[in-house]
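Close look at the chain arrangement
What follows is the residue order along each chain.
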Amino acid sequence: MERMESYLHTRNYGCRLRRYTWNQVEMLSLENQAVKVVLALGKGADIVEFVHKATDVDCMWHSFNELKNINHIPSVSARGGSFLDAYAGGWQELFPTYGAPADFRGGEIGIHGEACIYPWDCRALTDTPECVEVLLTLRTIRSPFLLEKRVKLLENDPTLYLHQRVTNLGSTEQAFMWGHHPAFGFPFLDESVRIRLPGRPTVTVPQGTIAHRCPFDRETTGPWPGLPGKDGREVAMDRAYAPGDRLYMEYAVSDLAEGRFELVNRNRGLGVRFTWDKAVFRYLWVWGLYCGIDEYPWYGRSYVLAVEPWSSMPGDYEAAKADGSLLRLPAGASMETELNAEIFQTSDEALL
């Protein structure tokens, strides 16, 4: 194999990297024999494709908003920032705030923070048939942080490896939120998908999510996996629903036994497994939008499920600060963590 390498200018086997431009957005793909991962470097380094090659299933949601370089002037600037206008689906990193717009020590930050809006720099660390690894970096603008993310694939391995580090470049301690926002859609998502969590964590439907076609009429808390709905019947929180159900559900999961979840499509026998450091990402936020909101920007056309590891709760910077759940870094200090995502084939009996 080494001898044949000398005749190739662009590797077309084993682990490999590609850099290209799509709709004026700088892109990066990493792939091996098992999976292909595509990142939009020019837009938050979003992971916009996570493809299981054997079945040709892309697990990520692709929104009605096509990924592109949005350089036009909107009719009016939204108070929450540009996230929703530019949201094309996929998997975002949320930092240093998420959820509602925030005042970060005088810096105005829109919905879901800074990291998912700006372009990231990229440098290849390893590029061999056995391993590809890149280093992505970003200096935030309205907050004083350096983000570094190593993204890696190994030969014949269906796991995406992320090693992340955040450094406080300010001269004082900084408090922040940190999360991941992977959104899953068709062809991976259908009504057979189940959410598998170890143990029996606590699930809470907050009052602020009681709207649209939510099956709850008040804030509700109880043990996973079911809660009583507005008609008194139990609502299964551990499953996806069909587009025709036209439901909207958002809820928090706390008291996690482990930093791990699985989404399993029982019709396809295909699953996605996330593992992470529970000391950093202590909560899950689940966003199930099964064509259940008729207002901006969804307009009844969004069929998507996101299961999101979060550091802090609730999804509002000031409220999380009052709750004492923000992460903190002294001046000049760094924090490191790892998160892995794997696509696997399985029978339902083999889960967790």
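Description of the structure in this document. For clarity, every value in this text was computed on a predicted model and none was experimentally measured.

1. A short note on the overall build of the protein
- When helices and strands are counted, the protein shows three helices and 26 strands.
- Relative to its length of 352 residues, the protein is compact, with a C-alpha radius of gyration of 20 Å against a globular reference of 20 Å.
- Across its three principal axes, the protein shows a C-alpha extent of roughly 70 × 50 × 45 Å.
- Buried residues in the protein amount to 57% of all 352 residues.
- For the protein, long-range pairs separated by at least 24 residues make up 62% of all intrachain contacts whose partners lie at least 6 apart in sequence.
- Counting only carbon and sulfur atoms, one obtains 47% of the accessible surface of the protein, whose full area is about 15500 Å².
- Seen as two clouds, the 36 positive and the 46 negative side-chain charges of the protein have centres 1 Å apart.

2. A short note on the pattern of salt bridges
- Considering all chains together, one arrives at 18 salt bridges under this definition.
- For the salt bridge of glutamate 262 with arginine 273, the shortest nitrogen-to-oxygen distance reads 2.7 Å. Of the two residues, glutamate 262 sits in strand S21 (residues 260–265) while arginine 273 sits in strand S22 (residues 270–276), which places them 11 residues apart along the sequence.
- Taking relative accessible area as the criterion, glutamate 262 reaches 1% and is therefore assigned buried.

3. As for the environment of aspartate 157
- Within the element layout of this structure, aspartate 157 appears in the loop between strand S11 (145–154) and strand S12 (159–168).
- Taking relative accessible area as the criterion, aspartate 157 reaches 13% and is therefore assigned buried.
- Between the alpha carbons of aspartate 157 and cysteine 15 there is a distance of 9.8 Å; along the sequence they are 142 residues apart.

4. Brief notes about the packing of aromatic side chains
- For the structure on display, the rule yields 23 aromatic pairs.
- Ring geometry for phenylalanine 95 versus phenylalanine 145: centroids 4.9 Å apart, planes at 85 degrees, classification edge-to-face. With phenylalanine 95 in the loop between strand S6 (91–94) and strand S7 (102–104) and phenylalanine 145 in strand S11, this residue pair connects regions lying 50 residues apart in the sequence.
- Relative to phenylalanine 145, the ring of phenylalanine 104 has its centre 6.1 Å away and its plane inclined at 70 degrees; by these criteria the two rings are edge-to-face. Taken together, the positions of phenylalanine 104 in strand S7 and phenylalanine 145 in strand S11 put the pair 41 residues apart, joining distant regions of the chain. The pair phenylalanine 104 / phenylalanine 145 is uniform in exposure class, with both members buried.

5. Considerations on unusual backbone geometry
- Here the residue pair tryptophan 224 and proline 225 is connected by a cis peptide bond, since its omega of 15 degrees sits within 30 degrees of zero.
- Phi is positive for asparagine 23, close to 50 degrees, though the residue is something other than glycine.
- As for its position among the elements, asparagine 23 is in the loop between strand S1 (16–22) and strand S2 (25–31).
- Assessed through its relative accessible area of 30%, asparagine 23 is described here as partly exposed.

6. Digging into empty space enclosed by the protein
- Counted under the stated rule, the structure contains one cavity of 30 Å³ or more.
- Reported here for the largest cavity is a volume of approximately 70 Å³.
- In terms of lining residues, the largest cavity is bounded by Leu39, Ala45, Ile47, Trp91, Gln92, Glu93, Lys149, Val151, Leu162 and His180.
- Mapped by element, the contributors of at least two residues to the lining of the largest cavity are S6 and S11.
- With three residues, S6 is the largest single contributor of residues to the lining of the largest cavity.

7. Observations concerning the pairing of strand S9 (residues 121–127)
- Of the pairings in the sheet, the one linking S9 to strand S10 (residues 131–139) comprises six bridges and is antiparallel in character. Pairing of threonine 126 across the sheet is with glutamate 133, part of S10.
- Linking S9 to S10, which pair antiparallel, is a turn of three residues.

8. Here's the deal with the pairing of S2
- Within S2, six of the seven residues are buried, which leaves the element mostly enclosed by the surrounding structure.
- Linkage of S1 to S2, two consecutive antiparallel strands, is achieved through a turn of two residues, within which asparagine 23 is found at a positive phi near 50 degrees.
- Taken together, S2 and the strand that follows it, strand S3 (residues 35–40), pair antiparallel across an intervening segment of three residues.

9. Regarding the side chain of threonine 159
- You can see threonine 159 is positioned in strand S12.
- When sequence neighbours within four positions are dropped, the list of residues in contact with threonine 159 reads Lys152, Leu153, Asn340, Ala341 and Glu342.

10. Notes on the environment of glutamate 66
- Topologically, glutamate 66 is positioned in the loop between strand S5 (57–58) and helix H2 (83–86).
- Of the residues examined, glutamate 66 reaches a relative accessible area of 47% and is grouped as partly exposed.
- Counting along the chain gives 43 residues from glutamate 66 to asparagine 23, while the straight-line C-alpha distance between them is 9.0 Å.
- Residues in contact with glutamate 66, not counting those within four places in the same chain, are Trp22, Asn23 and Ala88.

Conventions we followed
Every chain's residues receive numbers from 1 upward, in the order its sequence appears when written. Predicted model: local features are reported for residues with pLDDT of at least 70 only, side-chain atom pairs are reported and counted for 80 or more only, and whole-chain, interface and lining totals are derived from all residues. Computation of side-chain values: all heavy atoms of the structure, hydrogens and water removed. A run of H or I in DSSP becomes a helix once it reaches four residues, and a run of E becomes a strand once it reaches two; helices and strands are each numbered from the N terminus. Atoms counted for the radius of gyration: C-alpha only. Globule rule: 2.2 Å times the number of residues to the power 0.38. We call a residue buried when its accessible area falls under 20% of the maximum for its residue type, exposed when it is over 50%, and partly exposed in between, using a 1.4 Å probe and counting protein chains only. Residue contacts follow a heavy-atom distance rule, with two residues in contact if any of their heavy atoms lie within 4.5 Å. Note on areas: these come from Shrake-Rupley sampling with a 1.4 Å probe, and a residue is covered only by the protein chains present in the view. Charge convention: Lys and Arg are scored as positive, Asp and Glu as negative, and His as well as the terminal groups of each chain are ignored. Just so you know, the charge point we use is NZ for Lys, CZ for Arg, CG for Asp and CD for Glu. Any Lys or Arg side-chain nitrogen located within 4 Å of an Asp or Glu carboxyl oxygen qualifies as a salt bridge. Working definition: rings of Phe, Tyr and Trp (its six-membered ring) pair if their centres are within 6.5 Å, and the pair is stacked with planes under 30 degrees apart, edge-to-face with planes over 60 apart, and tilted otherwise. Cavity means a closed set of points on a 1 Å grid over the protein atoms alone, one where a 1.4 Å probe fits but cannot get out, pocket means an open set with protein on both sides within 12 Å along at least 5 of 7 lines, and lining means a residue has an atom within 4 Å of a point. Grid points are joined across faces, edges and corners, and a volume is the space filled by probe spheres set on the points. If DSSP finds at least two bridges between two strands, the strands pair.

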